[in-house]
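Coordinates in review
Residue-level listing of the chains:
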Amino acid sequence: MRVLLVGAGGVGTAITRIAARRPFFEAMVVADYDPARAEAAVAALDDARFAAERVDAGDEAAVAELLRRHECDVLLNATDPRFVMPLFRAARTAGATYLDMAMSLSHPHGEQPYEKCGVKLGDEQFAQAEEWEKAGALALVGMGVEPGLSDVFARYAADELFDEIEEIGVRDGANLTVDGYDFAPSFSIWTTIEECLNPPVVYESDRGWFTTEPFSEPEVFDFPEGIGPVECVNVEHEEVLLVPRWVKARRVTFKYGLGREFIETLRTLRLLGLDRTDPVTVPSAAGAVAVSPRDVVAACLPDPATLGERMHGKTCAGTWVRGTKDGAPREVYLYHVVDNQWSMAEYGSQAVVWQTAVNPVVALELVATGAWSGSGVLGPEAFPARPFLELLTAYGSPWGMREQ
């Protein structure tokens, strides 16, 4: 397997550090708009399988040419969701397998945004599923931690733990703190704003997909391994759009443990229009400049990838499932916890980006060995779960299950 990794930020760099310990691939080309980032990621490895390149993720022709020039048969997208579609199309043009960790962007319903879905997450990709399937090509979408591992948990629950499922609810929480910062998101603020301020999507089998207001249906969820109770709220996320396509459940939700302060900060950003992505014109010493308010917010905050040394605590991603087994009620929480102290000591990557990065590497190895195969645009729950969970454990990062 020859891989083109596009994006050498925190997650992309963590991917290289995890992959470098595995023998399943022949080469990995690390490409970024900033060549210094790609070169730094490669230089830190001292592994001849890795090479650095510069590429604009929005330039489909350039990405396709890079895939061909390095004879890469897989494109792994580690950029933010703005670049999903150009990279997705470039992979199809070059005849490469495609894998991402976040799907094509949504657009709220024009008249009833908090009741009806407009363009849903992933709709643009699923619209091309037939083309991929006819070509015998695979696009494995939403294969990070959430979405990704959370979807694998849903498939595992359906296959091995339940006869009927009433609800699948992804629940994400942490007790992470960052020394020296009152507000320092542990993941891309651009992506966080997108998913938290868009209308959350809920699925119900007798209703289909519908939306609610941001931060709706608050609940306190008790997270394992010392994290404890965290208030979680509805947030737009890919699992709700992916799971019902392959797993039968009466209801699917995604709730994120944000905390009151984080929610109020996001609401303030929206109130001030600082969540907008369309450029506004602002004066500068060099004259008028067009800039996206959301990009300004991101530039004012620390790079999450650099926070590891100041960060303390654990992060938990997991899938809560309620239903019946052998005629009796059952409720479980399948989860994966990463301690920042461990991920920094073992890989030099902070916990949230490492937890995101390990899952696409596991998936790549399953594709390379043939344990996972298929064609079309497929989510993680389209594949058997047990090989993934066994390999994740073999990577030194076991998962857990708690009977509720």
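Rules used throughout
- Residues numbered from 1 in each chain as written.
- Predicted model: local features only at pLDDT ≥ 70, side-chain atom pairs only at ≥ 80, totals over all residues.
- Heavy atoms only, no water.
- Helix = DSSP H or I, 4+ residues; strand = E, 2+ residues; numbered from the N terminus.
- Rg over C-alpha atoms; globule rule 2.2 N^0.38 Å.
- Contact = heavy atoms within 4.5 Å.
- Areas by Shrake-Rupley, 256 points an atom, 1.4 Å probe, with all protein chains shown as cover.
- Lys, Arg positive; Asp, Glu negative; His and termini not counted.
- Charge placed at Lys NZ, Arg CZ, Asp CG, Glu CD.
- Phe/Tyr/Trp six-rings, centres within 6.5 Å; stacked < 30°, edge-to-face > 60°.
- Buried < 20%, exposed > 50% of the residue type's maximum accessible area, 1.4 Å probe, protein only.
- Pairing = 2+ DSSP bridges.
- Axes fitted to C-alpha atoms, helices over the stretch in contact; angles between N-to-C directions.
- Core = buried A, V, L, I, M, F, W, Y, C linked by side-chain atoms within 4.5 Å.
- Right-handed = clockwise from strand over helix to strand, strands pointing away.
- Expected span 1.5 Å × (residues − 1).
- Polar contact = N/O pair within 3.5 Å; in protein donor to acceptor, adjacent residues only side chain to side chain.

1. Topic: the overall build of the chain
Regarding its fold elements, the chain presents 14 helices and 20 strands. Taking 2.2 N^0.38 as the reference for a compact globule, 404 residues should give roughly 22 Å; the C-alpha atoms of the chain span a radius of gyration of 20 Å, in line with that estimate. Principal-axis analysis of the C-alpha atoms gives the chain an extent of 60 × 50 × 45 Å. The contacts of the chain with a sequence gap of at least 6 include a subset with a gap of at least 24, amounting to 69%. Put simply, the chain shows about 16,300 Å² of open surface, and 48% of that area lies on carbon and sulfur atoms. The averaged location of the 61 negative side-chain charges in the chain is 2 Å from the averaged location of its 35 positive side-chain charges.

2. Details of the packing of aromatic side chains
Evaluated as defined, the whole model comprises 19 aromatic pairs. With a centroid separation of 5.3 Å and an interplanar angle of 65°, the aromatic rings of Phe 24 and Phe 25 are classed as edge-to-face. Ring geometry for Tyr 156 versus Trp 399: centroids 5.4 Å apart, planes at 70°, classification edge-to-face. Note that Tyr 156 is positioned in helix H7 (residues 149–161) and Trp 399 in the loop between helix H14 (385–394) and strand E20 (400–403), a separation of 243 residues in sequence. A relative accessible area of 25% places Trp 399 in the partly exposed class. Grouping aromatic residues by their ring pairs yields a cluster made of Phe 221, Phe 223, Tyr 333 and Tyr 335.

3. So, the sheet that holds strand E4 (residues 74–77)
Read across the open sheet, the seven strands follow the order E3-E2-E1-E4-E5-E6-E19; overall the sheet is parallel. Every interior strand has two partners, whereas the edge strands, strand E3 (50–54) and strand E19 (376–378), have only one. Sheet twist, expressed as the average angle between the axes of neighbouring strands with direction ignored, equals 20°. When strand E1 (residues 2–6) meets E4, the two strands line up parallel, connected through four bridges.

4. Remarks on the nonpolar core
The tendency in soluble globular proteins is for nonpolar side chains to be buried as a group. Grouped together as the largest cluster of nonpolar side chains are 89 residues, with contacts concentrated most on Ile 15, Met 28, Val 30, Ile 168, Leu 258, Trp 372 and Phe 388. In terms of residues, this core owes the most to one element, helix H13 (residues 351–369), which gives ten residues. Those residues within four positions of Phe 388 in sequence are excluded, and the remaining contacts are Met 143, Leu 149, Val 152, Asn 359, Val 362, Ala 363, Leu 366 and Trp 372. Ala 90, Tyr 98, Trp 132 and Val 141 belong to the second largest nonpolar core, which has 29 residues in total.

5. Describing the pairing of strand E2 (residues 27–32)
A regular strand places its side chains on the two faces of the sheet in alternate fashion. Among the six residues that make up E2, six are buried, leaving the element largely enclosed by the rest of the structure. Side chains of E2 alternate between two faces, with Ala 27, Val 29 and Ala 31 and Met 28, Val 30 and Asp 32 buried alike. Of the pairings in the sheet, the one linking E1 to E2 comprises five bridges and is parallel in character. Following the sheet pairing, Leu 4 is matched in E2 by Val 29. Regarding topology, helix H1 (residues 10–19) serves as the crossover connection from E1 to the parallel E2, and that connection is right-handed. Of the crossover connections in this fold, the one passing from E2 over helix H2 (residues 35–43) to the parallel E3 is right-handed.

6. Observations regarding unusual backbone geometry
Backbone torsion omega between Glu 146 and Pro 147 reads 0°, so that peptide bond is classified as cis. Within the secondary structure, Pro 147 sits in the loop between strand E6 (138–140) and H7. Of note, the phi angle at Asp 46 is positive, near 50°, even though the residue is not glycine. By relative accessible area, which is 76% here, Asp 46 ends up exposed. The backbone phi angle of Asp 326 is positive, close to 55°, even though this residue is not glycine. By the secondary structure assignment, Asp 326 is in the loop between strand E17 (314–325) and strand E18 (328–339). What makes Asp 326 exposed here is its relative accessible area of 66%.

7. Considerations on the pairing of strand E13 (residues 251–256)
Among the six residues of E13, six are classified as buried, and the element is accordingly described as predominantly covered. The alternating pattern of E13 places Arg 251, Thr 253 and Lys 255 and Val 252, Phe 254 and Tyr 256 on opposite faces, both of which are buried. Direction of pairing for strand E7 (residues 164–174) relative to E13: parallel, over a ladder of six bridges. Counted as the bridge partner of Gly 169 is Thr 253 from E13. As paired strands, strand E9 (residues 201–204) and E13 are joined by two bridges and run antiparallel to one another. Across the sheet, Tyr 203 pairs through a bridge with Val 252, a residue of E13. The pairing of strand E12 (residues 228–234) with E13 spans two bridges and is antiparallel. From the neighbouring strand, Val 233 faces E13, where its bridge partner is Tyr 256.

8. A word on H13
Across its 19 residues, H13 extends 28 Å between first and last C-alpha, which sits within 8% of the 27 Å expected from 1.5 Å per residue. Two or three places before Val 352, at the opening of H13, Gln 350 has a side-chain oxygen 2.7 Å from that residue's backbone nitrogen. Directly beyond the C-terminal end of H13, a positive phi value near 85° is found at Gly 370.

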